[in-house]
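Inside the fold
The primary structure of each chain is shown beneath.
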Amino acid sequence: MFVFSKLVWIFGQPLSLAFFFAVLAFIGVLFRRRGIALVSSLLSILILFVALYTTAGAYVVQGLEERFPHVAADPADLKCMIVLGGATQNQVTTVRGGYELDSAGDRLIEALRLAQKYPQARIIVSGGDGSIGGDYEGDAVISERFFTALGIGKDRLVEDKTSRTTFENAVNTKELLAQNGLSNCLLITSGFHMPRSIGIFRKQGIDVVPWPVDYRSTGKETLGFDFTQPSLNAQLLSTGVREWIGLVGYYAVGRTSALYPAP
């Protein structure tokens, strides 16, 4: 299932689809199938245009981010927090060491802020090596270096070093919570990732408080054209499409509580 999900995303992301239709158009030309060549060319161009030069990606991501609004005030008390992996550049750190953060680094930064404010809170860091080859350090290993280097005692960390997907995050976390007598933790992950995460955790019977971070949209996005930042537009669309593939796929195999979980 893990490898299959990776392959689905490799071939299902927008730019991969655009390339696929471009190849199909070339094959249509070679074999003089003008109809196939024309339709495939148009589809390839359309996907590229939407991905690169519209705000479709930001709009889709915004919808996911707004599903579970961020709570304005910090909790009165905090016993534990669950930080989902995906916030570090594990390919880089495997070679260079340290704790290089990626675009989702807010997950760890917010957890650090809360850990400093609530010195009694435990931190469950969930994330192994999510690559197909399994050749890199996992998020839990890198996060341990991050937290301890910034003054958080290792005794406060509960580490899941084997999970590779959000589903495995939830399954392993359920066991760790029971072992450590913890419950009703904050769930810290990216806003766009929160609906799928909450659905999976609910399916496992884990009560958590959504604590979204790492916002990618302004909250005021509308559909339109944007010729100023094509690479960012494509990245946002890929992020949104990936989450929706995950939502549909996990719901289809019964791993989430609802197709589009809500508060």
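Residues numbered from 1 in each chain as written. Predicted model: local features only at pLDDT ≥ 70, side-chain atom pairs only at ≥ 80, totals over all residues. Heavy atoms only, no water.

**Considerations on the overall build of the protein chain**
- What the protein chain contains, in helices and strands, is ten helices and five strands.
- On C-alpha atoms alone, the protein chain measures out to a radius of gyration of 20 Å, which is about the 18 Å that the 2.2 N^0.38 rule sets for 263 residues.
- Dimensions along the principal axes, computed over C-alpha positions, put the protein chain at roughly 70 × 40 × 35 Å.
- Counting all 263 residues of the protein chain, 45% fall into the buried class.
- Summarising the internal contacts of the protein chain: among those between residues at least 6 apart in sequence, 74% fall at separations of at least 24.
- Of the roughly 13200 Å² of accessible surface on the protein chain, 60% is carried by carbon and sulfur atoms.
- Taking the average place of the 24 positive charges on the side chains of the protein chain and the average place of its 23 negative ones, the gap between the two points comes to 7 Å. (Helix = DSSP H or I, 4+ residues; strand = E, 2+ residues; numbered from the N terminus. Rg over C-alpha atoms; globule rule 2.2 N^0.38 Å. Buried < 20%, exposed > 50% of the residue type's maximum accessible area, 1.4 Å probe, protein only. Contact = heavy atoms within 4.5 Å. Areas by Shrake-Rupley, 256 points an atom, 1.4 Å probe, with all protein chains shown as cover. Lys, Arg positive; Asp, Glu negative; His and termini not counted. Charge placed at Lys NZ, Arg CZ, Asp CG, Glu CD.)

**Thoughts on the pairing of strand β3 (residues 157-160)**
- Of the two faces of β3, the one lined by Leu 157 and Glu 159 and the one lined by Val 158 and Asp 160 are each fully buried.
- The sheet contact formed by strand β2 (residues 122-126) and β3 spans four bridges and is parallel. Its bridge partner lying in β3, Ser 126 is registered against Asp 160. (Pairing = 2+ DSSP bridges.)

**Comments concerning the pairing of β2**
- The buried fraction of β2 amounts to four of the five residues, a majority that puts the element mostly inside the structure.
- Relative to β2, strand β1 (residues 80-84) is paired through five bridges, and the arrangement is parallel. Looking across to β2, one finds that Leu 84 is bridged to Ser 126.

**Points about the packing of aromatic side chains**
- Summed over all chains, the structure comprises nine aromatic pairs.
- Measuring from ring centre to ring centre gives 6.2 Å for Phe 225 and Phe 227, while their planes differ by 20°; the resulting arrangement is stacked.
- Residue Phe 225 is classed as exposed on the basis of its relative accessible area of 62%.
- Here Phe 227 falls in the exposed class, since its relative accessible area comes to 53%.
- Through pairs of rings, three or more aromatic residues link up here, namely Phe 49, Tyr 53, Phe 225 and Phe 227.
- Here the basic side chain of Arg 196 rests over the ring of Tyr 250, its NZ or CZ set 5.4 Å away from the ring centre.
- Cation over ring: Arg 255 sits above Phe 167, and NZ or CZ is 3.9 Å from the ring centre. (Phe/Tyr/Trp six-rings, centres within 6.5 Å; stacked < 30°, edge-to-face > 60°. Lys NZ or Arg CZ within 6 Å of the ring centre and 35° of its normal.)

**What to know about unusual backbone geometry**
- One non-glycine residue, Arg 32, adopts positive backbone phi at about 55°.
- Positionally, Arg 32 belongs in the loop between α2 (14-30) and α3 (34-53).
- Residue Arg 32 is classed as exposed on the basis of its relative accessible area, which comes to 76%.
- We note that Asn 184 has phi near 50°; this positive angle belongs to a residue other than glycine.
- Residue placement: Asn 184 occurs in the loop between α8 (166-180) and β4 (185-190).

**Some points on the environment of Leu 187**
- Structurally, the position occupied by Leu 187 is in strand β4.
- Here Leu 187 falls in the buried class, since its relative accessible area comes to 0%.
- Placed 24 residues apart in sequence, Leu 187 and Trp 211 show a C-alpha to C-alpha distance of 5.5 Å.
- Those residues within four positions of Leu 187 in sequence are excluded, and the remaining contacts are Ile 82, Leu 84, Met 194, Ser 197, Ile 198, Phe 201, Val 208, Val 209, Pro 210 and Trp 211.

**Examining the side chain of Ser 126**
- Inspection of the secondary structure assignment puts Ser 126 in strand β2.
- At 3.4 Å, the side chain of Ser 126 forms a polar contact with the side chain of Ser 163.
- Aside from chain neighbours lying at most four places away, what touches Ser 126 is Val 83, Leu 84, Gly 85, Asp 160, Ser 163, Asn 169 and Thr 173. (Polar contact = N/O pair within 3.5 Å; in protein donor to acceptor, adjacent residues only side chain to side chain.)

**Let's talk about a nonpolar patch on the surface**
- On the surface, Phe 19, Val 23, Phe 26, Ile 27, Leu 30 and Phe 31 cluster together into a nonpolar patch covering about 650 Å² of accessible area.
- Relative to the assigned elements, Phe 19 resides in helix α2. (Patch = residues over 30% accessible without salt bridge, like charges linked within 9 Å, V, L, I, M, F, W, Y side chains within 5 Å. Salt bridge = Lys/Arg side-chain N within 4 Å of Asp/Glu carboxyl O.)

**With respect to the nonpolar core**
- Residues Leu 78, Met 81, Leu 114, Ile 123, Phe 147, Ile 152 and Ile 188 are the most contacted members of the largest nonpolar core, which totals 22 residues.
- Among the secondary structure elements, those contributing two or more residues to this core are β1, α6 (106-117), β2, α7 (139-149), β4 and β5 (208-213).
- A per-element tally of this core places α6 first, with five residues.
- When near neighbours in sequence (up to four residues on either side) are disregarded, Phe 147 contacts Leu 108, Ala 111, Leu 112, Ile 123, Val 125, Ile 152 and Leu 157. (Core = buried A, V, L, I, M, F, W, Y, C linked by side-chain atoms within 4.5 Å.)

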